Amino acid sequence: MSGERTGGRLAPLRPWFQGLGMLLVLQFALFGLLVLGQAVPDRPIVENLLTAVEDGTYGPLGVADRMGTPADTFTECVVAGTGLGASPEESAFSRAVRMPRIATCGGGPEQLRAISEGAVLADNDYFKYWAGYTVLTRPVLALAGLEGLRIVSGTLMVVTLAGAFLAVRARTSTAVGLALVLPYVAGTNLLSTPSTSFSQSISIAFIFLSVILSAAGAGRSPRLGYAGVGLGAALFCFVDLLTTPAVPWAMSAFAVGAVTWFRRRELGTTFLAVLLSGIVWPVAFAVTWASRWVIAGAFLGFPNTVEVVRRNVGFRTGGEHVNVSDAFGAGLRVNASYWWNAVPTAELVLAGCVLAAAAGLLLALRRGGPSRWAVALVLALPAAVVPVWYAVLSNHSQIHALFVNRGVPAALAVVTAACLVAAALPRPEPAAPAEVEREDSVPPDEDTAARHDPVSEVAAPTRAT
């Protein structure tokens, strides 16, 4: 009997334990993908990268992206050279465990020439990140070269961007979908990344993939919504080099909350959805990150792995660096200033977000009273993870402000979309056949008329209040 009572008390937690178990199983699948990426021969990759060196398209540092900020060629060279430098006799499994890597733009060309002549590099492990991007970069580099990889990464980014908009739009409204993605597109150098820093295009693609999975899952059930959030976080961790995790975290939590409100129109349920999504995303991200270290430690030794982790975490959270301040709030201040001064469209994006948010709040007040502002507040909560991230990883946020500043327009997008959700009118229940016959003789109520009001396109819930 006691066992039955215990099982009954734990029953609500069973789905969470199942989700955690699936997340752990996923780690083995992700490592299997790393092995497949390492199975691609190095020779064609090296030859194509040497061609890019000769053509001047590999690096160099300090290249302008012509959209207000420097191109992140440093990270691009890191990504292009990940997986190279090992002995041809070393197994793909061993390479996946320790993940070899050549130098960045400065020393990369010299090492590429050395590898082409049969050299094997030593002490070049790079297991502190998953480097899941090698599943894409290595085969594409071998077959199509660096320029081909730029095209593929750009295509992937555009497809997922469109997919995120459509996924949110289908479950909320066109206005909400646009508000979530448009400030990020117009307020960053996103459009230039394929031609100057394809690694950023890959990361951005997985930001929007996280949004797609979150919105699509939440449209089916709360449990699938949280599963989509967790899967999106794990996949982002798999391919990203700690660029902007706060962006998919905020957008995914918002997406689940917005879809929940449109389906249920219950503030308490919506708050719970936002809260749980906001917890699931970083947990799934952290589990995936830690799993990479556990795998490395199991084969390379835990003392060495722990030292690498300790050194990396310590530096990213508070290490000393040129022009880096340890003052509280420095990360937020630097990135907000960088975005405002370096991105030419910053003023336009801010003005557009403020106007759209104000319009949404006014409509919300008119249509539902002050209580609707509580909806906007709840759905805007995920935007807070951006300044929190800047504070916790202050060192990283200041050093890499050239791309970490994208968190600023992402936070604006979430707040703006939240205000538009609050203004949404409920969609009427489908009319019964008898009601359809009498439709012409019955004056439309506010909700029915709203379907013909362009401003009310923010509405799309499935159940009236």
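The rules we used
Residues numbered from 1 in each chain as written. Predicted model: local features only at pLDDT ≥ 70, side-chain atom pairs only at ≥ 80, totals over all residues. Heavy atoms only, no water. Salt bridge = Lys/Arg side-chain N within 4 Å of Asp/Glu carboxyl O. Helix = DSSP H or I, 4+ residues; strand = E, 2+ residues; numbered from the N terminus. Buried < 20%, exposed > 50% of the residue type's maximum accessible area, 1.4 Å probe, protein only. Axes fitted to C-alpha atoms, helices over the stretch in contact; angles between N-to-C directions. Parallel < 35°, antiparallel > 145°, perpendicular 65-115°, else oblique. Contact = heavy atoms within 4.5 Å. Nonpolar A, V, L, I, M, F, W, Y, C, P; charged D, E, K, R; others polar. Phe/Tyr/Trp six-rings, centres within 6.5 Å; stacked < 30°, edge-to-face > 60°. Lys NZ or Arg CZ within 6 Å of the ring centre and 35° of its normal. Disulfide = S-S within 2.5 Å. Expected span 1.5 Å × (residues − 1). Arc of directions from axis to C-beta. Core = buried A, V, L, I, M, F, W, Y, C linked by side-chain atoms within 4.5 Å.

(A) Up close: the pattern of salt bridges. Tallying each qualifying case throughout the model produces nine salt bridges. In this structure, the salt-bridge partner of Glu76 is Arg150, at a minimum N-O distance of 2.7 Å. A residue pair is termed long-range when its members are at least 10 positions apart, and Glu76 in helix H4 (residues 73–81) and Arg150 in helix H7 (residues 134–171) qualify at 74 residues. The class for Glu76 is buried, based on a relative accessible area of 2%.

(B) Structural detail: the packing of helix H8 (residues 174–186) against helix H12 (residues 246–264). Where H8 meets H12, the closest approach of the two axes is 11 Å, and the angle between their N-to-C directions is 170 degrees. Here H8 is positioned roughly antiparallel relative to H12, judged by the angle of their axes. Contacts between H8 and H12 involve Val176, Leu180 and Tyr184 on the former and, on the latter, Val247, Met251, Phe254 and Phe262. Across the contact of H8 with H12, the residue classes tally to seven nonpolar, no polar and no charged.

(C) Expanded view of the environment of Ala131. Relative to the helices and strands, Ala131 resides in the loop between helix H6 (108–116) and H7. With a relative accessible area of 0%, Ala131 lands in the buried category. The residues contacting Ala131, other than those within four sequence positions of it, are Leu34, Thr82, Met99 and Phe238.

(D) Layout of the packing of aromatic side chains. Following the criterion strictly, the structure yields 14 aromatic pairs and no others. An angle of 70 degrees between the planes, with centres 5.5 Å apart, marks the rings of Tyr129 and Trp289 as edge-to-face. Residue Tyr129 is located in the loop between H6 and H7, and its partner Trp289 is located in helix H13 (residues 267–300); the two are separated by 160 residues in the primary sequence. Here the aromatic residues Tyr126, Tyr129, Phe236, Trp249, Trp281, Phe285, Trp289 and Trp293 are joined through ring pairs into a cluster of three or more. The lysine or arginine in question, Arg101, covers the ring of Tyr126, its NZ or CZ lying 4.5 Å from the ring centre.

(E) Quick look at the state of the cysteines. All chains considered together, the criterion is met by one disulfide. Each sulfur of the disulfide joining Cys77 and Cys105 lies 2.1 Å from the other. On the S-S bond that ties Cys77 to Cys105, the torsion sits near 100 degrees, and the link is right-handed. Of this pair, Cys77 sits in helix H4 while Cys105 sits in the loop between helix H5 (92–98) and H6; the two residues are 28 residues apart in sequence, bridging distant segments of the chain. Here the two residues Cys77 and Cys105 agree in accessibility, since each one is buried.

(F) Region of the structure containing helix H2 (residues 14–38). The first and last C-alpha atoms of H2 sit 37 Å apart over 25 residues, in line with the 36 Å expected at 1.5 Å per residue. Of all the residues in H2, the buried ones are Leu23, Leu26, Gln27, Leu30, Phe31, Leu34, Gly37 and Gln38. Summarising the contacts, the buried residues of H2 are in contact with H5, H7, helix H11 (222–239) and H13.

(G) Summary view of helix H18 (residues 385–392). For H18, the complete set of buried residues consists of Val385, Val386, Trp389 and Tyr390. The arc enclosing the buried residues of H18, seen along the axis, measures out at 140 degrees, which places them on a common side. Lining the buried residues of H18 we find H12, helix H15 (330–342), helix H19 (394–399), helix H20 (401–404) and helix H21 (407–422).

(H) The arrangement of the nonpolar core in detail. Counting 128 residues, the largest nonpolar core has Tyr58, Leu112, Tyr184, Met251 and Phe254 as the members making the most contacts within it. A per-element tally of this core places H12 first, with twelve residues. Beyond its immediate stretch of four places on either side in the chain, Met251 contacts Leu180, Tyr184, Ile207, Val211, Ala410 and Val414.

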